[in-house]
Amino acid sequence: MPFKKTLFDRIPSQWRLAVLLALFVGTSIALTLALVRSTVSRDLQHLTSRIIVDDLVEYAAIYAANGIEGVADVFPAGQHGDSNGLRITAATGELLYENMPKSMRDLSWPKLPHANEWQSNPTVLQQPVTSGKDTLLTVGTTRLHDGNYLWFGRTDEESRRYQHNITIYLWLAGILAAAVALLPVVWYSHEVLMPIRAFTNSARHLHLPEGTARLMAPRAIPELKTLASVVNAGLDQILSLSRELQGTNDQLAHELRTPLARIRGNLESLLDKSDNAEAQDAAARSLEEIDRAAQLVQSILTIRAGDHGALRLYKQQTSVHDLLYNLVELFTPAAEDRGLTLGIKQGLDLVLNIDRELINQAISNLLDNALAYTPRGGRITLRWQAEGTGAVLFVEDTGPGVHPEEMEMIWERYNRGSSIFTRHPGIGLGLSLVRAIAMSHGGSVGVMNRVTGGASFWVRLPQC
Amino acid sequence: MRLVLVEDDPELGRQMTAWMADAGHHLTWLEQGAAAVDWICNHSCDAAILDVGLPDLDGFAMVESLRKRGMQLPVIFLTARAGVPDRVRGLAAGADDYLTKPFAAEELLARLDALYRRAAQSQSLPDRRWVGNSVLDPVRRRISCGEEVVDLQPREWTLLDVLMKHEGRIVPKQFLLEQVWDIHFDPGTNVVDAMICRLRRKLESAGSNLSIETIRGKGYAFQKDLV
């Protein structure tokens, strides 16, 4: 049952509409046909009975006046066609006169009528069944004044012809109706589906950081145009908010950086001019803190801008191999000091259109993380693999791995995993920054624990 | 060097005037962008340090205006905006270098030094040269000290080269990251320290009297005659 449902759900909607309309038209035709056929057949049966009774009365009168000769003269002139027949039998059932087409003679006529009270009911109707033939014969009998029987029979051939014709006309009408019923499907796929597809296509670009993509469907029906304009108005507002945020960020950066610069300058003078070793040490430590604070401001701004798609990217064609190789070179001495092996797993080189510096920074943060949490003697490996037209970059370590419950949480701002993060001081912005940078490239980040132990952090960068 | 600084923040202006005087440079400090363009055109100076965020005329416009008037002096931007697009915009406008606030005095001095050197001559190193008691071979990236020979990795060589170019002066970590690795952010881990230690060990193992001193809170300094 669920399978059928999903199968139906997978059919494109115009086909679904067409199937529903076809079902509707087909059912209507079938019902109409059944109704018309049963009504017409009942009416024709009634008509047959009337014709038989009338003719019996007529020929009984002729017989009374002119005997068998009279009937034999008049009947052939009656234009009865090939579906009517007449016979006269004696009271014993012996045939006295017969006139009917050959096809009717083959049908089994009864020898004698049913027992009947002729005074009250002058005619008897019966429908004898002929085995092997599907022609239905209706026979009427009346007792003549001399005790003989007059028989008048009529087959349903003519009725069948009528019914056949009616069926054909009804089917023709049904096919025409079905053709007309296709018009809504055509209208639907042109005026509704095509604009919706256009929406979908334009919506694919909505996640791009520029934020200028809009829903476009110039030929849509008014309701869809309204939908597009409402959505677009919302997007306009988001864009103006993110631009405002960008402006605020720039201003904030300026407001914070200038005082930091002033403090830093004074501390440098203190460090240079002081002869007191303790004062010099304090100044040196303060300078380091100032630099860390400046870096922190920058990280927060980058994360905020990245989360809101307001991060301005400077994209360049960049070789993934070169980018990772340079980072391995940069981090190798520090890794060796910690007793770690840092390596790169060669793969087919890829060239991506990315902001080289930001991606550099993202992978640096992951390396920084790996260096901090991998115990001495461990190994850190950088590798990458193509995915579609983009790539996934991996930083793998042999450290303690990430607790499954923390795999999502560690990417959140200011969060650090409980057990493994305790060793590393500072604010846990590194991974949030990685995520913001990946998102600003339309990508994503994640972490999994490797079967062989250790964590594998990845950054997915689609090409766009 | 005769320098001109255009900066509207009085505290930063005062500090930088003092630093440059200590470093033996002559610095003229101006606060107005438009007036500064005229001043630079009418005076001879070796380099200009411009704040991007000036109230009357921003740094980008100043450089464009200077270049239009045919002034070719090296220009360093000071800015609070750290993004790559901002840096690219600054360099595209005609600046020669770009420094993000807050910055170290040594950082500015090292950059001025590099700019001045670049403007003075495009230096091509000789095949082999003597520094202190060591022979440096830039083609093989090899340092020989008598019988002892030590080979350097490409980055180690570049690092030593940058430090030697600023001999006797403190070179900040960020400056080294930019010059040697083209990295414009702090990579966190003590990557520069580790690389300096390794270079230092190599120099010592060769018995070279070249040395690199770590100056806490400031950076590194290259010396050739301490040992």
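Residues numbered from 1 in each chain as written. Chains lettered and ligands numbered in written order. Predicted model: local features only at pLDDT ≥ 70, side-chain atom pairs only at ≥ 80, totals over all residues. Heavy atoms only, no water.

**Notes on the overall build of chain B**
Looking only at helices and strands, one finds eight helices and twelve strands in chain B. Compactness check: chain B gives a C-alpha radius of gyration of 19 Å against a globular reference of 17 Å for 227 residues, within 12% of the reference. Expressed along its principal axes, the backbone C-alpha trace of chain B runs to roughly 60 × 35 × 30 Å. Buried positions account for 53% of the 227 residues belonging to chain B. On chain B, roughly 9,600 Å² of surface is accessible, and the fraction owed to carbon and sulfur atoms is 47%. When the 28 positive and 33 negative side-chain charges of chain B are each reduced to one mean point, those points stand 5 Å apart. (Helix = DSSP H or I, 4+ residues; strand = E, 2+ residues; numbered from the N terminus. Rg over C-alpha atoms; globule rule 2.2 N^0.38 Å. Buried < 20%, exposed > 50% of the residue type's maximum accessible area, 1.4 Å probe, protein only. Areas by Shrake-Rupley, 256 points an atom, 1.4 Å probe, with all protein chains shown as cover. Lys, Arg positive; Asp, Glu negative; His and termini not counted. Charge placed at Lys NZ, Arg CZ, Asp CG, Glu CD.)

**Let's talk about the interface of chain A and chain B**
The interface of chain A with chain B comprises 46 residues on the first partner and 41 residues on the second. Regarding the contact of chain A and chain B, the summed buried area is about 3,800 Å², with carbon and sulfur atoms giving 54% of it. Along the contact surface separating chain A from chain B lie nine salt bridges. Here Asp 281 of chain A and Arg 216 of chain B are joined by a salt bridge, their closest N and O atoms 2.9 Å apart. The interface formed by chain A and chain B contains 20 residue pairs in polar contact (both at pLDDT 80 or more). Secondary-structure elements contributing two or more residues to the side of chain A that touches chain B are α5 (222-273), α6 (277-307), α7 (320-337) and α8 (356-373) of chain A. (Contact = heavy atoms within 4.5 Å. Buried area = accessible area lost by both parts, 1.4 Å probe. Salt bridge = Lys/Arg side-chain N within 4 Å of Asp/Glu carboxyl O. Polar contact = N/O pair within 3.5 Å; in protein donor to acceptor, adjacent residues only side chain to side chain.)

**Topic: the nonpolar core**
The biggest cluster of nonpolar side chains holds 82 residues, and the ones touching the most others in it are Ile 363, Leu 366, Leu 367, Trp 411 and Phe 457 of chain A together with Leu 163 and Leu 176 of chain B. Residue contributions to this core peak at nine residues, all from α7 of chain A. Discounting residues that sit within four places of it in the chain, Leu 366 of chain A has contacts with Val 395, Trp 411, Leu 431, Val 434, Phe 457 and Val 459 of chain A. By size, the runner-up hydrophobic cluster in this structure holds 22 residues, among which are Val 6, Met 62, Met 71 and Tyr 98 of chain B. (Core = buried A, V, L, I, M, F, W, Y, C linked by side-chain atoms within 4.5 Å.)

**Description of unusual backbone geometry**
All names here are of chain B. Here the bond from Lys 101 into Pro 102 is cis, since omega is -5°, no more than 30 degrees from zero. Not every positive phi belongs to a glycine, and Arg 141 is a case in point at roughly 50°. The residue Arg 141 is located in the loop between β7 (134-137) and β8 (142-145) in this model. Exposure remark for Arg 141: the relative accessible area of 30% places this residue in the partly exposed category. Non-glycine residue Asp 182 carries a positive phi angle of around 55°. Along the polypeptide, Asp 182 turns up in the loop between α7 (173-181) and α8 (191-205). Residue classification places Asp 182 among the partly exposed positions, given a relative accessible area of 48%.

**Examining the domain arrangement of chain B**
All names here are of chain B. Entries for chain B in the domain assignment read domain 1 (2-120) and domain 2 (129-223). On a C-alpha basis, the centroid separation for the pair domain 1 and domain 2 is 29 Å. Taken together, the ten residues of domain 1 in the interface contact ten residues of domain 2. Taken together, both faces of the contact between domain 1 and domain 2 bury some 1,000 Å²; the carbon and sulfur share is 49%. The largest per-residue losses of area from domain 1 upon contact with domain 2 belong to Glu 106, Glu 107 and Ala 110, which jointly make up 44% of the total buried on that side. At the junction of domain 1 with domain 2, the criterion picks out three salt bridges. The salt bridge partner of Arg 111 is Glu 178, with a shortest N-O separation of 2.6 Å. Classifying every residue of the side of domain 1 that touches domain 2 by side-chain character gives four nonpolar, no polar and six charged. (Domains from an automatic or database assignment. Nonpolar A, V, L, I, M, F, W, Y, C, P; charged D, E, K, R; others polar.)

**Focus on the sheet that holds strand β3 (residues 123-126) of chain A**
The strands making up a sheet associate through hydrogen bonds between their backbones, and the pairing can be parallel or antiparallel. Residues and elements named next belong to chain A. Reading across the sheet, the five strands line up as β2-β1-β5-β4-β3 and stay open at both edges, with antiparallel pairing between neighbours. The sheet terminates laterally at β2 (95-99) and β3, the two strands that pair on one side only. Across this sheet, the average inter-strand angle for adjacent strands is 15°, counted without regard to direction. In this structure, strand β1 (residues 84-89) lies alongside strand β5 (residues 149-155), joined through six bridges in antiparallel fashion. Paired with Arg 87 across the two strands is Trp 151, which belongs to β5. Each of β1, β2, β3, β4 (137-143) and β5 is contacted by helix α2 (residues 13-77), which is oriented at about 135° to β5, the strand it contacts most. (Pairing = 2+ DSSP bridges. Axes fitted to C-alpha atoms, helices over the stretch in contact; angles between N-to-C directions.)

**A word on the pattern of salt bridges**
Under the criterion given, the structure shown has 40 salt bridges over all chains. For the salt bridge of Asp 106 of chain A with Lys 102 of chain A, the shortest nitrogen-to-oxygen distance reads 3.6 Å. The class of Lys 102 of chain A is exposed, set by a relative accessible area of 58%. Notably, a salt bridge pairs Asp 113 of chain B with Arg 169 of chain B, separated by 3.1 Å at the nearest N-O pair. Of this pair, Asp 113 of chain B sits in helix α5 (residues 105-120) while Arg 169 of chain B sits in the loop between α6 (154-165) and β10 (170-171), and the two are 56 residues apart along the sequence. Residue Asp 113 of chain B is classed as buried on the basis of its relative accessible area of 18%. By relative accessible area, Arg 169 of chain B is classed as partly exposed at 23%. Each of Arg 264, Glu 268, Asp 272 and Asp 291 of chain A together with Glu 106 and Lys 218 of chain B takes part in a single network of salt bridges with overlapping partners.

**Thoughts on the confidence of the model for chain A**
Mean pLDDT over chain A: 85, with 94% of residues reaching 70 or higher. In this model, residues 416-427 of chain A is a region of pLDDT below 50 whose contacts with residues beyond four sequence positions or in other chains number 27 contacts. (pLDDT = per-residue confidence, 0-100.)

**Some thoughts on the packing of aromatic side chains**
Residue and element names in this part refer to chain A. Applying the stated rule across the entire model yields eight aromatic pairs over all chains. A ring pair is formed by Trp 411 and Phe 457, whose centres lie 5.8 Å apart and whose planes are at 70°; its orientation type is edge-to-face. Note that Trp 411 is positioned in the loop between β10 (390-396) and α9 (430-440) and Phe 457 in strand β12 (residues 455-461), a separation of 46 residues in sequence. Connected via pairs of aromatic rings, a cluster forms that spans Tyr 59, Phe 75 and Phe 152. Here the basic side chain of Arg 383 rests over the ring of Phe 394, its NZ or CZ set 4.0 Å away from the ring centre. A cation over a ring is seen here: Arg 460 above Trp 458, with NZ or CZ 4.8 Å from the ring centre. (Phe/Tyr/Trp six-rings, centres within 6.5 Å; stacked < 30°, edge-to-face > 60°. Lys NZ or Arg CZ within 6 Å of the ring centre and 35° of its normal.)

**Structural notes on the packing of α6 of chain B against α7 of chain B**
All names here are of chain B. For the pair α6 and α7, the least separation of the axes is 9 Å and the interaxial angle reads 130°. Comparing the axis directions of α6 and α7 gives the class oblique. Between α6 and α7 lies a crossing of right-handed hand. Listed contacts from α7 to Arg 155, Thr 158, Leu 159, Val 162 and Leu 163 of α6 are Phe 175, Leu 176, Gln 179, Val 180 and Trp 181. Grouping the constituent residues of the contact of α6 with α7 by class yields seven nonpolar, two polar and one charged. (Parallel < 35°, antiparallel > 145°, perpendicular 65-115°, else oblique. Left-handed = near helix turned anticlockwise from the far one by under 90°.)

**Some thoughts on the layout of surface pockets**
Looking at the second largest pocket, its volume works out to about 380 Å³. If you go around the second largest pocket, you meet 21 residues; those closest to its centre are Gln 316, Arg 356, Glu 357 and Asn 360 of chain A together with Asp 182 of chain B. Among the elements of the structure, β6 (315-319), α7 and α8 of chain A together with α4 (84-93) and α7 of chain B are those that each provide at least two residues to the lining of the second largest pocket. (1 Å grid on protein atoms, 1.4 Å probe; cavity = no way out; pocket = protein on both sides within 12 Å on 5 of 7 lines; lining within 4 Å. Points joined across faces, edges and corners; volume = space filled by probe spheres on them.)

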